[in-house]
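Architecture at a glance
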Amino acid sequence: MKLLIAIVNNDDSPAVSNNLAAKGFIATKLSTTGGFLKAGNTTFLIGTDDAKVDEAIDIIKTYSHKRTETVGDKTEFDLTLFKSVPVEVTVGGATIFVLDVENFVKC
């Protein structure tokens, strides 16, 4: 048995959740925040059999899209002015951890 921990952008969370459920995966959703943008994420905890790990990962990959956003996070100093320079960053996609589960108890 495996535990998948998948961190997904909030924009992609409903599609990932719906498609995991449609294929019979049971997931616990946690609201999380991360990255230097401090953007909202959803972390999915998914327990599954070893044979179904690739299927779950494929679903998460299919519905987690990378996108580019412009943020005013980088700064420049111009003699007497302090101004913010827009920077393009890639957000979205998914980060997935696959862990071995030694014991699983459902009460």
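This is a predicted model, so every value here is computed, not measured.

**Concerning the overall build of the protein**
The helix and strand tally for the protein stands at two helices and six strands. The secondary structure elements of the protein, listed N-terminal to C-terminal, are β-α-β-β-α-β-β-β. The proportion of buried residues among the 107 residues of the protein is 24%. Entry remark: accessible area of the protein is about 7300 Å², with carbon and sulfur atoms responsible for 52%.

**Observations regarding the pairing of strand S3 (residues 39-48)**
One ladder, built from eight bridges, connects strand S1 (residues 2-9) with S3; its direction is antiparallel. Within S3, the residue paired with Leu-4 across the bridge is Ile-46. Bridge count between strand S2 (residues 27-34) and S3: eight bridges; the pairing is antiparallel. Bridge pairing links Thr-33 to Gly-40 in S3.

**A few points about the nonpolar core**
Counting residues in hydrophobic clusters, the biggest one holds 13 residues, and the most contacted among them are Leu-20, Phe-44 and Ile-46. Mapped by element, the contributors of at least two residues to this core are S1, helix H1 (13-22), S3 and helix H2 (53-63). Element by element, the count of residues in this core is highest for H2, at five residues.

**Here's the deal with the sheet that holds S1**
Read from one edge of the open sheet, four strands run S2-S3-S1-S6, paired in antiparallel fashion. Either end of the sheet is taken by a strand with one partner, and the two such strands are S2 and strand S6 (94-100). Across this sheet, the average inter-strand angle for adjacent strands is 20°, counted without regard to direction. Docked against the sheet, H1 engages S1, S2 and S3, running at close to 15° with respect to S3. Against the sheet, H2 contacts S1, S3 and S6, and its axis sits at roughly 5° relative to S1.

**Describing the pattern of salt bridges**
A full pass over the atoms with the stated rule returns one salt bridge. Salt-bridge contacts for Lys-2 lead to Asp-100; the nearest nitrogen and oxygen are separated by 2.2 Å. Here Lys-2, found in strand S1, pairs with Asp-100, found in strand S6; they are 98 residues apart in sequence, far enough to count as distant.

**Considering the environment of Ile-57**
Structurally, the position occupied by Ile-57 is in helix H2. Residues Ile-57 and Ile-96 lie 39 residues apart in sequence; the distance between their C-alpha atoms is 7.8 Å. Those residues within four positions of Ile-57 in sequence are excluded, and the remaining contacts are Leu-4, Ile-96 and Val-98.

**Describing the side chain of Thr-43**
If you trace the backbone, Thr-43 turns up in strand S3. A distance of 3.0 Å separates polar atoms of two side chains, one belonging to Thr-43 and the other to Thr-32. Dropping the residues within four chain positions of it, Thr-43 is found in contact with Ile-5, Ala-6, Ile-7, Thr-28, Lys-29, Leu-30 and Thr-32.

Parameters at a glance
In this convention, every chain numbers its residues from 1, walking through the sequence in written order. Note on the predicted model: pLDDT of at least 70 is required for a residue's local features to be given, and 80 or more for side-chain atom pairs to be given and counted; whole-chain, interface and lining totals, by contrast, use all residues. Think of the side-chain values as coming from all heavy atoms in the structure, minus any hydrogens and water. Helix and strand labels come from DSSP, where a helix needs a run of H or I of at least four residues and a strand needs a run of E of at least two; each type is numbered from the N terminus. Relative accessibility under 20% of the residue-type maximum defines a buried residue, over 50% an exposed one, and the middle range a partly exposed one, all with a 1.4 Å probe and only protein chains included. Here the accessible surface of atoms and residues is derived via Shrake-Rupley with a 1.4 Å probe, and residues count as covered only by protein chains that are part of the display. For two strands to pair, DSSP has to find at least two bridges joining them. Working definition of a nonpolar core: buried Ala, Val, Leu, Ile, Met, Phe, Trp, Tyr and Cys residues. They are joined through side-chain atoms within 4.5 Å. Comment: axis = line fitted to C-alpha atoms, over the contacting stretch for helices; angle = value between 0 and 180 degrees taken between N-to-C directions. Pairs of residues are marked as contacts when any of their non-hydrogen atoms sit within 4.5 Å. For this document, the term salt bridge refers to a Lys or Arg side-chain nitrogen within 4 Å of an Asp or Glu carboxyl oxygen. In the analysis that follows, any N or O atom pair within 3.5 Å is treated as a polar contact, provided that within protein one partner can donate a hydrogen and the other can accept it, and provided that, for residues neighboring in sequence, both atoms belong to side chains.

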